[in-house]
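Examination of the molecular architecture
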Amino acid sequence: MERITKFRIFENLEKEEAFINKMNQDGWKLEFVQFGCIFKFIKTDEEYFTTICATEKSQTLQMTSAAVLSGYESVPHSFDGMSNFLYLTGRKDKASNDFFSDNQNKLAHYKNVKNYYRIQALIPLIFGLIFSLIAAIPYLPATIKILSNLDKVSPETIQEILPAIILVFTMLLLGLFLIFYSAYVFSLYVKSKCKYTKLLNNMNLYE
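Now for a description of the structure that goes with this document. Model, not experiment: these values are computed from the prediction.

Next up on the list: the sheet that holds strand S6 (residues 77-78). Sheet strands pair via backbone hydrogen bonds, and the direction of the pair is either parallel or antiparallel. Strand order in the open sheet formed by 4 strands is S1-S3-S2-S6, and the pairing between neighbours is mixed. At either margin of the open sheet sits one strand with a lone partner, and together these are strand S1 (3-7) and S6. Pairing analysis gives 6 bridges linking strand S2 (residues 28-34) to strand S3 (residues 38-43), with the strands arranged antiparallel. The partner of Val 33 across the bridge, within S3, is Phe 39.

The following block contains the structure:
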């Protein structure tokens with residue numbers, strides 16, 4: 001059977017799910033996900049859809065069994081740090097588009113999604129601050145001073161210090177990129193937290 005592999009990097013789980021379902025619509029069924037960015041598909045004549053669900057780690061096996069009984073296939077994924085996430089694929093004529101039929105499971109989903117985004121935002125922020133501070137505090141002022149007095153620096157000296165200057169600015173740019181990236185992921189965390197809080201408030205309201 002015909003198979004294809006797609007390389008995509010997603011931080012937004014909704015965009016990842018949308019990409020997979022676009023492939024489904026084009027006749028490609030998700031077969032395997034590796035490293036969170038390598039998607040393997042198999043050609044099919046059936047119409048499938050895929051949903052990404054988060055649950056508690058202790059409930060993963062139970063939720064997987066429930067999904068299979070509901071007509072879904074659990075797509076294996078590895079080396080992505082998402083052991084409590086389920087990639088569920090189902091045929092349009094055999095499975096419901098909404099796997100979670102009760103608020104408790106939906107609440108667990110939103111809780112784990114926001115926790116995932118929180119961790120994904122924290123890690124690049126830490127490294128971004130480290131790179132930026134290392135470049136900015138001890139080295140950046142000296143580098144700027146040297147660059148502002150290039151006419152007084154010999155060509156031999158410039159040649160010697162050029163790799164260090166490039167390294168300083170590379171670390172600074174990398175640090176700033178990671179900080180901005182962290183801010184983007186944090187915005188996803190805020191959105192998922194709002195969904196979690198809204199559902200929790202609705203559940204408390206009707207209790």
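Attention shifts here to the pattern of salt bridges. Evaluation of the coordinates by the stated rule reveals 7 salt bridges. For Lys 195, the salt bridge goes to Glu 14, with nearest N and O atoms at 2.7 Å. Note that Lys 195 is positioned in helix H4 (residues 155-205) and Glu 14 in helix H1 (residues 13-25), a separation of 181 residues in sequence. The class for Lys 195 is partly exposed, based on a relative accessible area of 37%. Taken together, the shared-partner salt bridges connect Glu 46, Arg 91 and Asp 93 into one network.

This next bit is on the packing of aromatic side chains. Evaluated as defined, the whole model comprises 12 aromatic pairs. Measuring from ring centre to ring centre gives 6.1 Å for Phe 10 and Phe 39, while their planes differ by 80 degrees; the resulting arrangement is edge-to-face. Taken together, the residues span a long stretch of sequence, with Phe 10 in the loop between S1 and H1 and Phe 39 in strand S3 at a distance of 29 residues. Their ring planes at 80 degrees and their centres at 5.9 Å tell us that Phe 49 and Tyr 72 sit as a pair that is edge-to-face. On the criterion of sequence distance, the pair formed by Phe 49 in strand S4 (residues 48-54) and Tyr 72 in strand S5 (residues 72-75) is long-range, its members being 23 residues apart. Comparing Phe 49 with Tyr 72, the two get one shared label, buried. Directly above the aromatic system of Tyr 196 lies the positively charged group of Lys 114, at a separation of 5.0 Å from the ring centroid.

Another point: H1. Taking 1.5 Å per residue, 13 residues should reach 18 Å; H1 reaches 18 Å between its end C-alpha atoms and fits that length. Here H1 has its buried residues at Leu 13, Glu 16, Phe 19, Ile 20, Asn 21, Met 23 and Asn 24. One side-chain oxygen at the N-terminal end of H1 lies 2.9 Å from the backbone nitrogen of Glu 14; it belongs to Asn 12. Positive backbone phi, approximately 95 degrees, marks Gly 27, located one or two places after H1.

So, on to a nonpolar patch on the surface. Together, Ile 119, Leu 122, Ile 123, Leu 125, Ile 126, Phe 127, Leu 129, Ile 130, Leu 133, Ile 134 and Ile 137 make up a nonpolar patch on the protein surface, roughly 970 Å² of accessible area in all. As for its position among the elements, Ile 123 is in helix H3 (residues 103-148).

Cut-off values and rules
Residues numbered from 1 in each chain as written. Predicted model: local features only at pLDDT ≥ 70, side-chain atom pairs only at ≥ 80, totals over all residues. Heavy atoms only, no water. Pairing = 2+ DSSP bridges. Helix = DSSP H or I, 4+ residues; strand = E, 2+ residues; numbered from the N terminus. Salt bridge = Lys/Arg side-chain N within 4 Å of Asp/Glu carboxyl O. Buried < 20%, exposed > 50% of the residue type's maximum accessible area, 1.4 Å probe, protein only. Phe/Tyr/Trp six-rings, centres within 6.5 Å; stacked < 30°, edge-to-face > 60°. Lys NZ or Arg CZ within 6 Å of the ring centre and 35° of its normal. Expected span 1.5 Å × (residues − 1). Polar contact = N/O pair within 3.5 Å; in protein donor to acceptor, adjacent residues only side chain to side chain. Patch = residues over 30% accessible without salt bridge, like charges linked within 9 Å, V, L, I, M, F, W, Y side chains within 5 Å. Areas by Shrake-Rupley, 256 points an atom, 1.4 Å probe, with all protein chains shown as cover.

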